[in-house]
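Reading the structure
Residues per chain are reported as follows:
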Amino acid sequence: MLLLPEDIREPLVNHPQRANLIEVVLDLGRQPEARFQGIPAGEYLRKQEVTPADLDAAVAAVGDFGADNRAGVPGTLHRISAIRNRRGAVIGLTCRVGRAVSGHIAMLQDLVETGHSVLLLGRPGVGKTTVIREICRTLADEYRKRVVIVDTSNEIGGDGDVPHPAIGGARRMQVADATQQHAVMIEAVENHMPQVVVVDEIGTEAEALACRTIAERGVQLIGTAHGCLLENLIKNPTLSDLVGGVAAVTLGDDEARARGTQKTILERKAPPTFPIVVEIRARNFYVAHWVEDSVDTLLLGRTPVVQVRERDASSEAGLRVSELPYDKVPDPERTADMSRNSWDEDYEAALRDMHGSGGNPSDSWAWAERIRARGKDVAGPPAQAPGLPGSGSRSFFIASRAGPAGGSMPPPPPASSGGGKKASKKGRK
């Protein structure tokens, strides 16, 4: 706040939506604007336009910008990004507010506890960095894991040499040059013996290759990548290796005839670096993929079954988990009713479409039959995962796959485990 002009600072301090502030935008010759979570349009903070003196004062308060035109405020999680003209002078600033928000890991805790690598996808501002920040703290403090964060632009651990308390006991390696992030990732594994490596914004082929190298050494990866959907990664030649890569395969005449396909088809060419991919559609609405199943099914031109995770205040654990065909997942941006915390009507309608008009919308086992019909190797009712009482759907998603080399997590803390009463009834059915 100190880098903002005083006549902008005061309205923000007393603003009724201050807790939902996302960023403040200062553009030369335009009115300063504040943007809030859940409000489509920004709000002007004063009638006077931003002057060169305002920008000079803000830049002086921030200090030096890195090669990526980013800077931070020591001791905070805020990020300041500069826009420059052709001569290199700063003509705009985006002051992004960073917060340590607890409770987000409840949406992913059972997946992280398996020891599998997890990749988060989502549009900018949806909360990916906030989620992995809390994952770092939980793994380091509650599970006593050796966690190393590869922190480009100090966005996860905050600016300054001392990491922000939001990451707990996790260690942080700063990346001075964003183009060298992949080298720091390898250095973290070779020099500091981590059990978990956390990296934000995987975006280059070198970083994807570094991720595969780390995963092959038995280290769990928690990361985020550019893209909103799993299909974005499959079709991205730079990042497709994160989900196993795609190769064109030519079949023999008999094999093509037996499969009922053309002779040249697309197949996944390697095990995925990240066995689990989670699409963060909204802050309280996640879609989880078991990557091998989803990628193979999509390459066959069919619809995979995915796990939908929604924060539900009416359940005991505050989380609702369902399985739906990928093309039946409701869009939270279009279907969300701001007056309620869940989209029950959307789920029931989608489940009715899935099971037929006479089906029971609360029956969560019919999806397994659909997988069997596609030739998947799914056998018998799901076994319940440790620490997830009553959560039949979630436990099947992870319990039927063998964990990674090196063992699994300790049992989760009782307060944050469990699938809730609603999931318990669903599992018994």
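Above this note sits the structure.
Residues numbered from 1 in each chain as written. Predicted model: local features only at pLDDT ≥ 70, side-chain atom pairs only at ≥ 80, totals over all residues. Heavy atoms only, no water.

Angle between the axes and distance between the axes: these two values describe a pair of packed helices. Here helix H5 (residues 181-192) crosses helix H6 (residues 205-216) at 15°, and the two axes come no closer than 8 Å. Relative to H6, H5 is oriented roughly parallel. The element H5 and its partner H6 pack so that their crossing is left-handed. Mapping the contact onto sequence places Gln-181, His-182, Met-185, Ile-186 and Val-189 in H5 and Ala-206, Glu-207, Ala-210, Cys-211, Thr-213 and Ile-214 in H6. By residue class, the composition of the contact of H5 with H6 is seven nonpolar, three polar and one charged. (Axes fitted to C-alpha atoms, helices over the stretch in contact; angles between N-to-C directions. Helix = DSSP H or I, 4+ residues; strand = E, 2+ residues; numbered from the N terminus. Parallel < 35°, antiparallel > 145°, perpendicular 65-115°, else oblique. Left-handed = near helix turned anticlockwise from the far one by under 90°. Contact = heavy atoms within 4.5 Å. Nonpolar A, V, L, I, M, F, W, Y, C, P; charged D, E, K, R; others polar.)

Between the first and last C-alpha of H6 there are 17 Å, a value that for twelve residues agrees with the 16 Å anticipated at 1.5 Å per step. By the burial criterion, the buried members of H6 are Glu-207, Ala-208, Ala-210, Cys-211, Arg-212 and Ile-214. Looking one or two residues beyond H6, the residue adopting positive phi is Gly-218, at roughly 80°. (Expected span 1.5 Å × (residues − 1). Buried < 20%, exposed > 50% of the residue type's maximum accessible area, 1.4 Å probe, protein only.)

Now for the side chain of Ser-117. One can find Ser-117 in the loop between helix H3 (109-113) and strand S7 (118-121). Given a relative accessible area of 7%, Ser-117 falls into the buried group. Among the polar contacts made by the side chain of Ser-117, one reaches the main-chain amide nitrogen of Leu-221 at a distance of 2.9 Å. In this view, Ser-117 contacts Val-219, Gln-220, Leu-221, Thr-273, Phe-274, Pro-275 and Ile-276; residues no more than four positions away in its chain are not counted. (Polar contact = N/O pair within 3.5 Å; in protein donor to acceptor, adjacent residues only side chain to side chain.)

What follows is about unusual backbone geometry. Among all residues except glycine, the phi angle is most often negative; among peptide bonds, the trans geometry is most common. One non-glycine residue, Arg-144, lies in positive phi territory at about 55°. Tracing the backbone through its elements, the reader meets Arg-144 in the loop between helix H4 (128-142) and strand S8 (147-152). Residues other than glycine seldom take positive phi values, yet Met-193 does so here, at roughly 45°. Inspection of the secondary structure puts Met-193 in the loop between H5 and strand S10 (196-202). For Met-193, a relative accessible area of 61% corresponds to the exposed category.

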